[in-house]
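Read off the chains here:
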Amino acid sequence: MTSHHRVVVVGGGNAGLSVAGRLARYGVDDVVVVEPREHHRYQPLFSHVAGGTARASQAVRRQADVIPRRVGWIQDAVAEFDPDSDTVRLSSGEELGYDHLIVCPGIQEDWDSIPGLSEAIRTGAAASHYAFELLGTASRRLRDLRAGTVVFTQPPGPASCAGAAQKPMYLACDYWRATGVLADIRVVFVVPTPTMFGMPAIDEELERKVEEYGIEVRREARLLEVDAPGSTALIGSTADGTERIAYDYLHVVPPQSAPDFLKASPLPAPGDPGGFVEVDPRTLRHARYPNIWSLGDAAATTNSKSGGALRKQTKVLARNLVAALDGREPVARYDGYSVCPFTVSRRTMVFAEFDDEYRPQPTIPFWPGLARERRLTWLADRYVLPWVYWHLILQGRA
Ligand SMILES: Cc1cc2nc3c(=O)[nH]c(=O)nc-3n(C[C@H](O)[C@H](O)[C@H](O)COP(=O)(O)OP(=O)(O)OC[C@H]3O[C@@H](n4cnc5c(N)ncnc54)[C@H](O)[C@@H]3O)c2cc1C
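Reference entry: report on the structure contained in this document. Just so it is clear, the structure is predicted and the values come from calculations on it, not from any experiment.

### Focus: the overall build of the protein
So, step 1. The helix and strand inventory of the protein stands at ten helices and 21 strands.
So, step 2. Over its C-alpha atoms the protein spans a radius of gyration of 21 Å, differing by no more than 12% from the 21 Å that the globule rule assigns to 398 residues.
So, step 3. Seen through its principal axes, the protein has C-alpha atoms that stretch 65 × 50 × 40 Å.
So, step 4. Counting the 398 residues in the protein, one finds 57% classified as buried.
So, step 5. Sequence-distant contacts, at least 24 apart, represent 65% of the contacts inside the protein between residues at least 6 apart.
So, step 6. By element, 51% of the accessible surface of the protein is carried by carbon and sulfur atoms, the whole surface being about 16,200 Å².
So, step 7. Taken as two groups, the 44 positive and 48 negative side-chain charges of the protein have centres that lie 8 Å from each other.

Here's what the structure looks like:
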């Protein structure tokens, strides 16, 4: 073992940096983040980049510039967990010991789980806003399309902000409408659920936009296979069986799952095929290892995974970990809050706030107004939140 730290954080994404920053603010010393990437990415802006309302450069900062004050950074990846000896092994072979471990390496995109998809991406006829490297292709293809068929897909199963799959679709439709080509473009959307989202108030707003833009929705459906040379997508749905759609551009959100190195570790619940970290969904403490904690997309919590959920999770986890360091019981509770902001046009948004049973949980109590199509929430999503993210959230201040 080459070093030992009071708190080791696995992953320096939204969860890792904001919880590390908060712990440092609460006076915990010797917090280190293990993160391999040179650059930090603000993923919610990816939808705007693909939809033409932001530039890719606005979603990226050097990792060194966003590490919170009084927090250390080890530029490496964790390869293995050994919770019985309180150590993690890094890709470099080095071992790190810890008093407490926070596990938040995010979610994994399973591009190869759809036959033909990777090949279609290589040809440039398919792309996504779920990979930074594909944002350029996605935004160009959506911008330059003048006629033909475009298929958007949202995958079943766990996903990082599942509804964000829809954001570039509405942005593109609004752009095509403004440039007079929408009538010449057939837009097909493949969604795994019976409705667009799953909350009546939000569904009502989204269905109105779907009709306005003339989007054909394939419900309870999924992308099964792509024939890259033939430019067709095979869609399967519970009600209608399978259907092959010829596309001019295919915009995919890939199926997602727990990172492989996590699935292979002792941290998921025994026998859980999901592979996410087994935590008490309220305290965020591991069910079997009391000095291990998890939050964000990698945690087996009951909420819909999102950056908005982290606003509350980071506070709960940091308070509980400080209590544990002081020998007290962790009493803070996460209530399952999550968000999904739908950019339904290039100037308006429908903002969903809900709990882990998809019941409304508005930040401003008794005012369901944010769930309606509004200009104010669009401005917040596009301009205010990115600023708050870079300056406050990543420092553990919001
Ligand atoms: C396209 C897109 C749009 C989204 N839009 C929204 C939105 O509008 N609103 C919203 O609230 N949420 C949105 N989200 C979700 C939000 O971005 C995530 O929920 C949030 O980033 C989760 O934070 P995290 O730290 O768990 O994971 P991430 O932010 O993904 O960070 C995980 C980090 O772990 C690192 N890592 C991975 N493996 C290892 C390893 N072995 N060792 C060490 N480090 C490792 C990664 O490099 C990464 O930096 C969106 C997500 C995407 C992809």
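Anyway, onward from the coordinates.
### Some remarks on the environment of Leu224
So, step 1. Structurally, Leu224 is set in strand β14 (residues 221-227).
So, step 2. With relative accessibility at 34%, the residue Leu224 sits in the partly exposed group.
So, step 3. Counting along the chain gives 137 residues from Leu224 to Thr87, while the straight-line C-alpha distance between them is 40 Å.
So, step 4. Excluding anything up to four places from it in sequence, Leu224 contacts Ile114, Pro115, Leu234, Ile235, Gly236 and Thr242.

### Some thoughts on the sheet that holds β14
So, step 1. With antiparallel pairing, the three strands of this open sheet are ordered in space as β14-β15-β16. Two strands close off the open sheet at either side, each with one partner strand: β14 and β16 (241-246). Taking each pair of neighbouring strands and ignoring which way they run, the sheet shows an average axis angle of 25 degrees.
So, step 2. Taken together, the six bridges between β14 and strand β15 (residues 232-237) define a ladder with antiparallel strand orientation. By the bridge assignment, Val226 is partnered in β15 with Ala233.

### Some words on helix α1 (residues 14-25)
So, step 1. If you check α1, its first and last C-alpha atoms are 17 Å apart, about what twelve residues at 1.5 Å a residue would give, namely 16 Å.
So, step 2. In terms of burial, α1 is largely enclosed, as ten of its twelve residues are buried.
So, step 3. Listing the buried residues of α1 in full gives Ala15, Gly16, Leu17, Ser18, Val19, Ala20, Gly21, Arg22, Leu23 and Ala24.
So, step 4. Phi turns positive, to about 95 degrees, at Gly27, one or two residues after α1.

### Quick word on the side chain of Gln154
So, step 1. Summarising the element assignment, Gln154 is placed in the loop between β11 (148-153) and α6 (167-178).
So, step 2. Those residues within four positions of Gln154 in sequence are excluded, and the remaining contacts are Ala162, Gly163, Ala165, Gln166, Phe189, Val190, Val191 and Pro192.

### With respect to the pattern of salt bridges
So, step 1. Going through the model one piece at a time under the given rule, you end up with 26 salt bridges.
So, step 2. A salt bridge links Arg282 to Asp356; the shortest N-O distance between them is 3.1 Å. With Arg282 in the loop between α8 (260-263) and β19 (292-294) and Asp356 in the loop between β21 (349-354) and α10 (375-391), this residue pair connects regions lying 74 residues apart in the sequence.
So, step 3. On the basis of relative accessibility, which here comes to 30%, the residue Arg282 falls in the partly exposed class.
So, step 4. The exposure class assigned to Asp356 is buried, which follows from its relative accessible area of 17%.
So, step 5. Residues participating in the shared-partner salt-bridge network are Asp174, Arg177, Glu205, Arg208, Lys209, Glu212, Arg346 and Glu373.

### Re the environment of Arg328
So, step 1. You can see Arg328 is positioned in the loop between α9 (307-325) and β20 (338-343).
So, step 2. Sequence separation between Arg328 and Gly148 is 180 residues, and the spatial gap between their C-alpha atoms is 62 Å.
So, step 3. There is a polar contact of 3.1 Å between the side chain of Arg328 and the side chain of Asp326.

### Looking at the nonpolar core
So, step 1. Residues Ile102, Tyr170, Trp176, Ile215 and Phe342 are the most contacted members of the largest nonpolar core, which totals 104 residues.
So, step 2. Counting contributing residues, this core receives three or more from each of domain 1 (3-107 + 258-336 + 390-395) and domain 2 (110-255).
So, step 3. The contacts of Ile102, once residues within four sequence positions are left out, are Val7, Val8, Val9, Val10, Val19, Leu23, Trp293, Leu295, Leu317 and Leu321.

### Focus on the site of the ligand
So, step 1. Among the 34 residues in the neighbourhood of the ligand, the closest are listed as Ala15, Glu35, Lys167, Asp297 and Gly308.
So, step 2. Between the ligand and Asp297 there is a distance of 2.9 Å, counted from an oxygen atom to a side-chain nitrogen or oxygen.
So, step 3. In this structure, an oxygen atom belonging to the ligand sits 3.0 Å away from a main-chain N or O atom of Gly307.
So, step 4. Here the ligand, which alone exposes 1,000 Å², has 91% of that area covered by the protein.

### Points about the sheet that holds strand β12 (residues 185-190)
In a beta sheet, neighbouring strands are held together by backbone hydrogen bonds and run either parallel or antiparallel to one another.
So, step 1. The five strands are arranged β10-β17-β11-β12-β13 in an open sheet whose pairing can be described as parallel. Taken across any chain shown, the strands that pair with only one partner, and hence form the sheet edges, are β10 (126-127) and β13 (216-218).
So, step 2. Note that β11 and strand β17 (residues 249-252) share four bridges and pair parallel. Residue pairing for β17: Phe152 is matched across the bridge by His251.
So, step 3. Docked against the sheet, helix α5 (residues 135-144) engages β10, β11 and β17, running at close to 135 degrees with respect to β17.

### Comments concerning the packing of α6 against helix α7 (residues 200-213)
So, step 1. The contact between α6 and α7 brings their axes to 11 Å, and the two run at 35 degrees. Considering how the two elements wind past one another, α6 and α7 form a crossing that is left-handed. Each of Tyr170, Cys173, Asp174 and Arg177 in α6 lies in contact with α7, whose residues at this interface are Leu206, Lys209, Val210, Glu212 and Tyr213.
So, step 2. Looking at the contact of α6 with α7, its residues break down into five nonpolar, no polar and four charged.

Rules used throughout
Residues numbered from 1 in each chain as written. Predicted model: local features only at pLDDT ≥ 70, side-chain atom pairs only at ≥ 80, totals over all residues. Heavy atoms only, no water. Helix = DSSP H or I, 4+ residues; strand = E, 2+ residues; numbered from the N terminus. Rg over C-alpha atoms; globule rule 2.2 N^0.38 Å. Buried < 20%, exposed > 50% of the residue type's maximum accessible area, 1.4 Å probe, protein only. Contact = heavy atoms within 4.5 Å. Areas by Shrake-Rupley, 256 points an atom, 1.4 Å probe, with all protein chains shown as cover. Lys, Arg positive; Asp, Glu negative; His and termini not counted. Charge placed at Lys NZ, Arg CZ, Asp CG, Glu CD. Pairing = 2+ DSSP bridges. Axes fitted to C-alpha atoms, helices over the stretch in contact; angles between N-to-C directions. Expected span 1.5 Å × (residues − 1). Salt bridge = Lys/Arg side-chain N within 4 Å of Asp/Glu carboxyl O. Polar contact = N/O pair within 3.5 Å; in protein donor to acceptor, adjacent residues only side chain to side chain. Core = buried A, V, L, I, M, F, W, Y, C linked by side-chain atoms within 4.5 Å. Domains from an automatic or database assignment. Near = heavy atom within 4 Å. Left-handed = near helix turned anticlockwise from the far one by under 90°. Nonpolar A, V, L, I, M, F, W, Y, C, P; charged D, E, K, R; others polar.

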